[in-house]
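Remarks on the overall topology
Letter by letter, the chains look like this.
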Amino acid sequence: MEKKTKMKTSKPQKAKRPAVATSSTGATDDTQPTKGKRLPQTIRGFRDILPEEQAYWRYLATECEQISEVYGFQPITLPIVEATSLFERAVGKVTDIVEKEMFSFTNQGNESLTLRPEPTAGMARAYLQHGLINQPQPVKWYTIGPMFRYQRPQYGRQRQFHQWGCEVIGDNHPTMDATLMLMATNLFQTLGLPTALQVNSIGDKECRPVYRKALLEYYRGHRKELCEDCERRLGKNPLRLLDCKEEGCRALRADAPQFVDHLCTPCRDHFMAMLEYLDDLDVPYVLNPHLVRGLDYYTRTVFEVWAADDESGKTALAGGGRYDDLLAELGGRPTPAVGIGLGMETVILKMKEREVSLPPAPRADVFIAQLSQPARKKAMLLFEELRKSNVRVSASFSKDGLKPQMEMAARLGVRYTIIIGQKEIVDHTAIVRDMEAGMQETFDFKKIINIIQHKLEEEAPIIHTEPLNQKPEEPTVV
Ligand SMILES: [Zn+2]
Ligand SMILES: [Zn+2]
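Per an unreviewed UniProt entry, the chain carries the name Histidine--tRNA ligase. The Sequence similarities (unreviewed entry) field of the UniProt record for the chain holds the comment "Belongs to the class-II aminoacyl-tRNA synthetase family." Taken from UniProt, the Subunit (unreviewed entry) comment for the chain reads in full: "Homodimer."

Brief notes about the overall build of the chain
Along its length, the chain carries 15 helices and 16 strands. A buried classification covers 34% of the 478 residues belonging to the chain. Restricting the contact set of the chain to residue pairs at least 6 apart, pairs at least 24 apart contribute 70%.

Re the UniProt feature "binding site: L-histidine" (unreviewed entry) in the chain
According to UniProt, the feature "binding site: L-histidine" (unreviewed entry) maps to Glu 118, Pro 119, Thr 120, Arg 149, Gln 163, Glu 167, Arg 293, Tyr 297 and Tyr 298 in the numbering used here. Along the polypeptide, Glu 118 turns up in the loop between strand 4 (112-115) and helix 4 (120-129). Since 21 C-beta atoms lie within 10 Å of it, Glu 118 is described here as buried. Sequence-distant contacts of Glu 118, defined by excluding residues within four places in its chain, comprise Val 91, Met 147 and Gly 341. Checked against the element boundaries, Glu 167 lands in strand 6 (residues 160-169). Apart from residues lying up to four places away in sequence, Glu 167 is in contact with Thr 120, Met 123, Trp 141, Ala 337 and Gly 339.

As for unusual backbone geometry
A cis amide bond links Gln 137 to the next residue, Pro 138, at an omega of 0°. By the secondary structure assignment, Pro 138 is in the loop between helix 4 and strand 5 (139-148). Positive phi, normally seen in glycine, also occurs at Asp 282, with a value near 60°. In this structure, Asp 282 sits in the loop between helix 9 (265-280) and strand 8 (286-287). When the 8 C-beta atoms within 10 Å are taken as the criterion, Asp 282 is described as exposed. Notably, Ser 372 is not glycine yet its phi reads approximately 85°, a positive angle.

A word on the nonpolar core
With 70 residues, the main nonpolar core has Val 91, Leu 180, Ala 184, Val 305, Leu 317 and Leu 342 as its most contacted residues. Excluding anything up to four places from it in sequence, Ala 184 contacts Val 305, Ala 318 and Ile 340. Core analysis: the second largest hydrophobic core is formed by 25 residues, Ile 368, Leu 402, Ile 419 and Ile 448 among them.

Focus: helix 1 (residues 54-70)
Taking 1.5 Å per residue as the helical rise, helix 1 with its 17 residues ought to reach 24 Å, and the 24 Å between its terminal C-alpha atoms agrees with that figure. Leu 60, Cys 64 and Ser 68 are the residues of helix 1 that are buried. The buried side chains of helix 1 occupy one side of the element, clustering within an arc of 70° when seen end-on. Relative to its buried face, helix 1 has exposed residues pointing more than 90 degrees away, namely Gln 54, Thr 62, Gln 66, Glu 69 and Val 70. Elements that come into contact with the buried residues of helix 1 comprise strand 5, strand 6, helix 5 (174-191), strand 11 (337-343) and helix 11 (344-353). Just downstream of helix 1, Gly 72 is the residue with a positive phi angle, here 85°.

Things to note about the environment of Thr 106
Looking at where Thr 106 falls in the secondary structure, it is placed in strand 3 (residues 103-106). Setting aside anything within four residues of it in sequence, one finds Thr 106 in contact with Glu 111 and Ser 112.

Regarding the environment of Ala 410
One can find Ala 410 in helix 13 (residues 402-412). Put simply, Ala 410 and Phe 367 are 43 residues apart on the chain and 9.2 Å apart in space, counted from C-alpha to C-alpha.

Some details on the packing of helix 1 against helix 11
For the pair helix 1 and helix 11, the least separation of the axes is 10 Å and the interaxial angle reads 115°. In this view, helix 1 runs roughly perpendicular relative to helix 11, as classed from their interaxial angle. Note on packing geometry: the crossing formed by helix 1 with helix 11 is right-handed. On helix 11, the residues that touch Tyr 56, Trp 57 and Leu 60 of helix 1 are Met 344, Val 347, Ile 348 and Met 351.

Points about the packing of helix 1 against helix 5
The geometry of a pair of packed helices is captured by two quantities: the angle between their axes and the separation between those axes. Two numbers describe how helix 1 lies on helix 5: the axes approach to 11 Å, and their chain directions differ by 145°. As for how helix 1 packs across helix 5, the hand of that crossing is right-handed. Only Met 183, Asn 186, Leu 187, Thr 190 and Leu 191 of helix 5 make contact with helix 1, whose side of the interface consists of Glu 63, Cys 64 and Ile 67. Of the residues in the contact of helix 1 with helix 5, the class split is five nonpolar, two polar and one charged.

Observations regarding the sheet that holds strand 5
Pairing is mixed across the open sheet formed by eight strands, whose spatial order is 1-5-6-11-10-9-7-8. The open sheet has two free edges, formed respectively by strand 1 (74-75) and strand 8, since each of these has just one partner strand. Note that strand 10 (residues 318-322) and strand 11 share five bridges and pair antiparallel. Paired with Gly 319 across the strands is Gly 341, a residue of strand 11. Seen against the sheet, helix 5 touches strand 6, strand 7 (195-201), strand 9 (299-307), strand 10 and strand 11 and runs at an angle of roughly 20° to strand 11.

A look at the pairing of strand 9
In terms of residue burial, strand 9 counts as a mostly covered element, since nine of its nine residues are buried. Note: strand 7 against strand 9, seven bridges, orientation antiparallel. The partner of Val 199 across the bridge, within strand 9, is Phe 303. Both strand 9 and strand 10 contribute to a ladder of five bridges, which runs antiparallel. Bridge pairing in strand 10 links Val 305 to Ala 318.

What counts and what doesn't
All residue numbers refer to position in the chain's written sequence, counted from 1. By the order in which they are written, chains take letters starting at A while ligands take numbers starting at 1. Thresholds applied to this predicted model are a pLDDT of at least 70 for local features of residues and 80 or more for the giving and counting of side-chain atom pairs; totals over whole chains, interfaces and linings are not thresholded and use all residues. UniProt positions are given in the numbering used here, feature names are shortened, and annotations may be inferred rather than shown by experiment. Segments assigned H or I by DSSP are reported as helices when at least four residues long, segments assigned E as strands when at least two residues long, and all are numbered from the N terminus. Counting other C-beta atoms within 10 Å of each residue's C-beta, where C-beta atoms are placed from the backbone, gives the exposure class: buried for 20 or more, exposed for 12 or fewer, partly exposed between. Any two residues are considered in contact once their C-beta atoms, placed from the backbone, lie within 7 Å. Each nonpolar core reported here comprises buried Ala, Val, Leu, Ile, Met, Phe, Trp, Tyr and Cys residues connected via C-beta atoms within 7 Å. Here the expected length of a helix is defined as 1.5 Å per residue gap, with one fewer gap than residues. Directions drawn from the helix axis to the C-beta atoms are what define this arc. To define axes, lines are fitted to C-alpha atoms, for helices over the stretch in contact only, and angles between the resulting N-to-C directions are given on a 0 to 180 degree scale. Working rule for angles: under 35 degrees goes down as roughly parallel, over 145 as roughly antiparallel, 65 to 115 as roughly perpendicular, anything else as oblique. The handedness criterion is simple: a crossing whose near helix is rotated anticlockwise from the far helix by less than a right angle is left-handed, and one whose near helix is rotated clockwise is right-handed. Note on residue categories: nonpolar means Ala, Val, Leu, Ile, Met, Phe, Trp, Tyr, Cys or Pro, charged means Asp, Glu, Lys or Arg, and polar means any other residue, Gly included. DSSP bridges decide pairing: two strands pair if at least two such bridges lie between them.

Dropping the structure here:
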């Protein structure tokens, strides 16, 4: 059972609001802070991704999108909610996901629905629903979005988490498996995260029963050493025993029969060919005979990407495999497929741990500071003109004093600040201050956009500047 941990909550902040008069009905306004009232919180396993964290998300999502497009994947967006039966059929009834991790509910129309726990089932459903089999194969799709699993929140694992998923549907060639692994390897290299690719084959309908039998025989002999979950799983899904994280089961696994010794010839050929491509492409990998993945739909190739310092694969950064039978299971024609999923939360945690440097955030080049009401109006119009001229511009029109505006400009790291004060309004001019050089000069207002564009294009030391003795505060003098 899940242990309930007490969340530390910050004290509700008393909002500072002006007193609100009670209405004629005598009811008090509900914006009034109530003593002891608890402020609303996110539910367990769900979290906000605040602006300060967005740089990581933007960077990772951009890299995922770029690598997907480079390798010929097209973006697709699928519903977050699907029929519960889709996941029962696709993921498998005897899996952790379907048995205990799904966010399922019955809607007003008495349909059983589920928040998607993984992206592949929906992809397969969409491929069948839209008749993609009639188009040139393979169909290559990628998506980025939230998934939901009722699991114990821990390192990098939330109940709402995000995945980048890539699927190749309609191609059984081992180069497809190898390409997905190559993509993942390239991606983690770009991100600067050292990883270890774990690879295994779990056979198909032909050879899996043989292996199952060997596995059953082995584990039956050690029944007493199994954990409760594994004992229950033994009859239904003995492969999952290899995946168990319990100490005792992990120890038992070391001597368990290995799948590679039981693969049928086509499965063995596929596996060997795939490994050869990885060798040829210089993609380093580790043969991991215990890797099975927790979903029923996998056949043949399975793989995970672990952080290089994570020897037990407690938190895989990415994983995937082939699912050649899934589309037929869902009622389609037999259609081979292979896919990969990457856990964005886990990867971002790793990026933070390793202090991966992020590309500089897009920032404004120009700040417009204004003083007095007429200047503010002119500044707002100038802001629009600059924006239309593709100048990245920022401003804070609600501020009055020059000092807070100049502070903000400095904080934003802009190259130039345009200052419009009362004097400039009268003279039809504006001051342009070079923030780095600390110099400023006055220009004809009509020429400001041209001058700014010119300065930004040059990005060189400004030629026609004379140091001003005046402080930037000068225009404030009324
Ligand atoms: Zn176990
Ligand atoms: Zn086989």
